[in-house]
Each structure stands twice: as C-alpha cells, then as structure tokens.
Amino acid sequence: MTDARRQEEIEDTIVVECELAATPEKVWRALTVPEFVASWLDVPAADKVTSDTTGPAYRIIEALPFSRVRYAWNDAMVNEPETFVTFDLEAQPDGGTWFRLTHSVETVRTIASPANSNSPPLMRAAA
C-alpha cells in the first residue's frame, strides 16, 4: 500500500474514546441486542430494513463478548461504500467501561485467481 493511500485511510477514520459509567456487560448488550441498538444509536439492523427505511443500517460482523463488537455500516440511500464501526470495550477498576469507537473505510482486498488452471500437477508415488 502506498503512503498516500494509507494517509487517505487514516484521514477517513473517526475515533472517539471516553469512559462510560456502565459495566462492559451493559454496554455490550446495548451494542448487540437489536432493540437496544435501535434505541441507543437510532439505527436498525440490516435484516430489519424495510422499503420505507431511510438512513444507515448495520450488521454485526465480529463479536468478542464484553470486549469488541464490529459492524458493517451502510446506507442504501447513498452511493458510498460500506464502512466499518468497531467498538472496543475495556473494564475499568471503578466498574465503568473504557469505550473506543472507530469508524473507518477499508479497502476490499481480493486475491486474483489465475485465468487458467496453473496449479502445480499432483505428484503420485510410483507403484
């Protein structure tokens, strides 16, 4: 990746950190139970989107209990690529949670497959 491309990705990343007065378990539920997400973030799960839904929707793509939740975030009303929102949670000694939200655009990495079957031949033992 070129330095210019990496800088562009860094500039397209939003990071918010704060301490919350709730336990990691409570924050985790707010981020993973669809009814709580809809209430807290005012956004529906992608499987709950209907024809009259406007605005963004999310789907969970990674979930590590009480420590990390990752969403794929998209908005069918705009012509923009899907973005990713990662919530990192860390228990604090006072019972609260250190909360870090990272919203980023990631390039899709694909591995090109050969146009022909240039796989090495299978070697068989002589009988």
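Residues numbered from 1 in each chain as written. Predicted model: local features only at pLDDT ≥ 70, side-chain atom pairs only at ≥ 80, totals over all residues. Heavy atoms only, no water.

As named in an unreviewed UniProt entry, the protein chain is Activator of Hsp90 ATPase homolog 1-like protein, taken from Aminobacter aminovorans. Quoted verbatim from the Sequence similarities (unreviewed entry) field of the UniProt record, the comment on the protein chain reads "Belongs to the AHA1 family." (UniProt positions renumbered as here; feature names shortened; annotations may be inferred.)

A. Structural view of the pattern of salt bridges. Applying the stated criterion across every chain, the model contains four salt bridges. The salt bridge partner of Glu-17 is Arg-100, with a shortest N-O separation of 2.8 Å. Of the two residues, Glu-17 sits in strand β1 (residues 14-20) while Arg-100 sits in strand β5 (residues 97-104), which places them 83 residues apart along the sequence. A salt bridge links Glu-62 to Arg-68; its shortest N-O distance comes to 3.9 Å. Given a relative accessible area of 27%, Glu-62 falls into the partly exposed group. Put simply, Glu-62, Arg-68 and Asp-88 are held in one network by salt bridges that share partners. (Salt bridge = Lys/Arg side-chain N within 4 Å of Asp/Glu carboxyl O. Helix = DSSP H or I, 4+ residues; strand = E, 2+ residues; numbered from the N terminus. Buried < 20%, exposed > 50% of the residue type's maximum accessible area, 1.4 Å probe, protein only.)

B. The arrangement of the pairing of strand β3 (residues 68-74) in detail. Burial within β3 is extensive, with five of its seven residues counted as buried. Taken together, the seven bridges between strand β2 (residues 57-64) and β3 define a ladder with antiparallel strand orientation. If you follow Ala-57 over to β3, its bridge partner there is Asn-74. Counted along the chain from β2 to the antiparallel partner β3, the turn is three residues long, and its residue Phe-66 has a positive phi close to 65 degrees. Bridge count for β3 against strand β4 (residues 83-91) is six bridges, and the pairing is antiparallel. By the bridge assignment, Trp-73 is partnered in β4 with Thr-83. (Pairing = 2+ DSSP bridges.)

C. Looking closely at unusual backbone geometry. Even without a glycine there, the phi angle at Asp-42 is positive, about 55 degrees. Structurally, Asp-42 can be placed in the loop between α3 (34-41) and β2. Asp-42 sits in the exposed class, given a relative accessible area of 68%. Despite not being glycine, Phe-66 shows a phi value in the positive range, around 65 degrees. Here Phe-66 lies in the loop between β2 and β3.

D. Geometry of the side chain of Thr-97. Along the chain, Thr-97 turns up in strand β5. There is a polar contact of 3.4 Å between the side chain of Thr-97 and the backbone oxygen of Thr-23. With residues near it in sequence (within four places) discarded, Thr-97 still touches Cys-18, Glu-19, Leu-20, Ala-22, Thr-23, Pro-24, Val-27, Leu-89, Glu-90 and Gln-92. (Polar contact = N/O pair within 3.5 Å; in protein donor to acceptor, adjacent residues only side chain to side chain. Contact = heavy atoms within 4.5 Å.)

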